[in-house]
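Chain by chain, the residues:
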Amino acid sequence: MVKFLDLKKQYLGIKEEIDSAITRVIESGAFVGGSEVCAFEEEFAQYLDDRSNALKALGVANGTDALEIAIEALHLPKDSVVLVPANTFAASAEAVVRNGLKVQFVDCGEDYTLDLEDLRSKITPQTSAILVVHLYGQSAKIDEILEIARQKNLRVIEDCAQAHGARFNGQCVGRFGDIATFSFYPGKNLGAYGDGGAIVSCNAELLKHCEEIAHHGGLKKYEHRIVGRNSRLDNLQAAILRVKLRHLESWNIRRREVAKMYLEGLKDCESIVLPHIKDSCLCAWHLFVIRVKNRQAVMESLKKSDIEYGLHYPIALPNTPAYSNVPFIAESKCKNASLWQDEILSLPMGEHLSDLEVLEVIKAVKEAVCG
Ligand SMILES: Cc1ncc(COP(=O)(O)O)c(C=O)c1O
């Protein structure tokens, strides 16, 4: 079987390091708010921003909380509108709505990130922010987005849940907007053994405010300056993430090798649309997504060859029941996202894949598409 993701294999490759980190935390008896969390926050911020050291990180319970808290901390005007990609995981839009703000969906371009023409056309006086998702491991067109935001006085939130270690013009994503968020859901390029997330920002005040929100409204125990909530990265997850962070670059390099093999092996199939990677982007290849008109045949061929696959995402957010009733977005067409939801197909991707397995996937896809 060719697995889409193989976390057991990954664990066995770093077993000693992980086991010793887990034992260290259990023996310390400190499970919440311990030294592992502080160390991970520092190491993760340093990894993302080794040039200026200006970036700071805050561990939280998951990537959805990270987004919700980051948006809350920005204090966007009540009922204002946040631009969100139509093709992303639901959490990106939930975080906006849960903050009492409105979502306006923006279509995706050929690189599956925000389409700039559609983005520009959807800015109104009510727009307060752009939520940028670096989808599938590829950075969005962040330089142009920042310029649009500057001209229109909009805040920029980067959702980097799928882009740990992805770079735009040599700089890791998460460093560009006002604030950025990460998920450490187990299947991510950097994943915990449970839930986890982080908020990062170069604005120390803003990050402190996030900390207050995430820690019951105060920076010290029993001091509640504001009404907060509980969202913490725990010590065990932080210790595991510290180990895995040391391997992230080499895992991402292997992902790039796998992607290169797919791109080479499938390049002659005219009916397959391969990922379009911008020159400015060093992709983290969280997912390798192709587009095919006869997706059903390809899925059947993969199934027959015992190869796992995924759909990211089978229904674009504006077409889901959760968002179809929001009158404000009724006029939002998001043509590409709506069309492509029936064509996208995610092939197995990760450092767990051998060359032989990648070739097997290529063969099965080709058989279905080219006969
Ligand atoms: C783009 C994106 N944003 C946010 C999230 C939410 O992260 P979490 O599952 O850790 O809450 C995910 C997770 O899949 C994601 O892919």
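It should be emphasised that the depicted structure is a prediction, and the values quoted were computed from it without experimental measurement. (Residues numbered from 1 in each chain as written. Predicted model: local features only at pLDDT ≥ 70, side-chain atom pairs only at ≥ 80, totals over all residues. Heavy atoms only, no water.)

Q: Honestly, the site of the ligand in this entry has me stumped. Any pointers?
A: Around the ligand sit 15 residues in total, of which Gly63, Thr64, Asp159, Ser183 and Lys188 are the nearest. The separation between an oxygen atom of the ligand and a polar main-chain atom of glycine 63 is 2.8 Å. Note that an oxygen atom of the ligand is positioned 2.9 Å from one of the side-chain N or O atoms of glutamine 162. Considered on its own, the ligand offers 390 Å² of accessible surface; in the complex 92% of this is hidden by protein. When atoms are counted within 2 Å of each cavity's grid points, the one that captures over half of the ligand is the second largest pocket. (Near = heavy atom within 4 Å. Polar contact = N/O pair within 3.5 Å; in protein donor to acceptor, adjacent residues only side chain to side chain. Areas by Shrake-Rupley, 256 points an atom, 1.4 Å probe, with all protein chains shown as cover. 1 Å grid on protein atoms, 1.4 Å probe; cavity = no way out; pocket = protein on both sides within 12 Å on 5 of 7 lines; lining within 4 Å. Sits in = over half its atoms within 2 Å of the grid points.)

Q: I tried to follow the sheet that holds strand S5 (residues 155-159) on my own but got confused; where do I start?
A: What links the strands of a sheet is backbone hydrogen bonding, and the strands pair in either a parallel or an antiparallel sense. With mixed pairing, seven strands are arranged side by side in an open sheet as S1-S9-S8-S5-S4-S2-S3. The sheet terminates laterally at strand S1 (56-60) and strand S3 (102-106), the two strands that pair on one side only. Here the average twist between neighbouring strands, direction ignored, is 25°. Inspection of the sheet shows strand S2 (residues 81-85) paired to strand S4 (residues 127-133) by three bridges, in the parallel sense. Within S4, the residue paired with valine 81 across the bridge is threonine 127. Across the sheet, helix H4 (residues 63-74) touches S1, S4, S5, strand S8 (179-183) and strand S9 (197-201), and the angle it forms with S8 is around 165°. Each of S2, S3, S4 and S5 touches helix H5 (residues 90-97); the most contacted strand, S3, lies at about 150° to it. (Pairing = 2+ DSSP bridges. Helix = DSSP H or I, 4+ residues; strand = E, 2+ residues; numbered from the N terminus. Axes fitted to C-alpha atoms, helices over the stretch in contact; angles between N-to-C directions. Contact = heavy atoms within 4.5 Å.)

Q: Help me understand the domain arrangement of the chain in this model?
A: Where interface size is given, it is often the accessible area lost as the parts come together that is meant. Per the domain assignment, the segments of the chain are domain 1 (7-243) and domain 2 (249-370). Residue-level contacts link 45 residues of domain 1 with 38 residues of domain 2. Summing both sides of the interface, domain 1 and domain 2 together bury roughly 3500 Å²; the carbon and sulfur share of this comes to 56%. At the boundary of domain 1 with domain 2, the tally comes to three salt bridges. (Domains from an automatic or database assignment. Buried area = accessible area lost by both parts, 1.4 Å probe. Salt bridge = Lys/Arg side-chain N within 4 Å of Asp/Glu carboxyl O.)

Q: I'm lost on a nonpolar patch on the surface in this one. Help?
A: A contiguous nonpolar surface patch, about 270 Å² in accessible area, is contributed by Ile26, Phe31 and Val32. Structurally, isoleucine 26 can be placed in helix H2 (residues 15-28). Using a relative accessible area of 48% as the deciding quantity, one classes isoleucine 26 as partly exposed. (Patch = residues over 30% accessible without salt bridge, like charges linked within 9 Å, V, L, I, M, F, W, Y side chains within 5 Å. Buried < 20%, exposed > 50% of the residue type's maximum accessible area, 1.4 Å probe, protein only.)

Q: When you look at the layout of surface pockets in this model, what are you seeing that I'm missing?
A: The method is simple in principle: a probe with the dimensions of a water molecule rolls over the atoms, and the space it marks as empty is what remains. The computed volume of the largest pocket comes to approximately 740 Å³. Taken together, 30 residues form the lining of the largest pocket, with Cys38, Glu41, Leu58, Glu211 and His215 sitting closest to its centre. Per element, the largest residue contribution to the lining of the largest pocket is six residues, and it comes from helix H3 (residues 35-48). Of the residues assigned to the lining of the largest pocket, the class counts are 12 nonpolar, nine polar and nine charged. Roughly 560 Å³ of internal volume is contained in the second largest pocket. When grouped by side-chain class, the residues that make up the lining of the second largest pocket number 13 nonpolar, 13 polar and four charged. (Points joined across faces, edges and corners; volume = space filled by probe spheres on them. Nonpolar A, V, L, I, M, F, W, Y, C, P; charged D, E, K, R; others polar.)

Q: Looking at this structure, how should I read the sheet that holds strand S6 (residues 167-168)?
A: An order of S7-S6-S11 is seen for the three strands of this open sheet, with the pairing classed as antiparallel. Looking at the sheet topology across the chains shown, the edges are occupied by strand S7 (171-172) and strand S11 (281-282). Pairing geometry for S6 and S11, over two bridges, is antiparallel. What sits directly across from arginine 167, in S11, is leucine 282.

Q: Mind showing me how you'd approach the pattern of salt bridges here?
A: The full count for this structure, using the stated rule, is 23 salt bridges. One salt bridge connects glutamate 343 with lysine 293, and the closest N-O pair in it is separated by 3.0 Å. Pair noted here: glutamate 343 is in the loop between helix H12 (335-340) and strand S13 (344-347) and lysine 293 is in the loop between strand S12 (288-292) and helix H10 (295-304), with a separation of 50 residues, a long-range link. According to the relative accessible area criterion, glutamate 343 is buried, its value standing at 10%. Taken together, the shared-partner salt bridges in this structure form one network comprising Arg24, Glu36, Glu43 and Arg242.

Q: Looking at this structure, how should I read the nonpolar core?
A: Side chains that are nonpolar tend, in soluble globular proteins, to be buried together. Counting 45 residues, the largest nonpolar core has Phe105, Leu131 and Ile199 as its most contacted members. Those elements giving two or more residues to this core turn out to be S1, H4, S2, H5, S3, S4, helix H8 (204-214) and H12. Counting residues per element, this core draws most heavily on H4, at seven residues. For this core, the two domains that each supply at least three residues are domain 1 (7-243) and domain 2 (249-370). Ranked by size, the runner-up nonpolar core spans 28 residues in total, among them Ala259, Val358, Ile362 and Ala368. (Core = buried A, V, L, I, M, F, W, Y, C linked by side-chain atoms within 4.5 Å.)

Q: What's the story with the packing of H4 against H8 in this structure? I'm lost.
A: Geometry of a packed helix pair, given as the angle between the helix axes and the separation of the axes. It is the contact of H4 with H8, at a shortest axis distance of 9 Å, that shows an interaxial angle of 120°. The pairing of H4 with H8 is recorded here as oblique in orientation. Of the two possible hands of crossing, H4 and H8 adopt the one that is right-handed. Counting all contacts with H4, which are made through Ile69, Ala70, Glu72, Ala73 and Leu74, the residues of H8 involved are Leu206, His209, Cys210, Ile213 and Ala214. Per-class residue counts for the contact of H4 with H8 are eight nonpolar, one polar and one charged. (Parallel < 35°, antiparallel > 145°, perpendicular 65-115°, else oblique. Left-handed = near helix turned anticlockwise from the far one by under 90°.)

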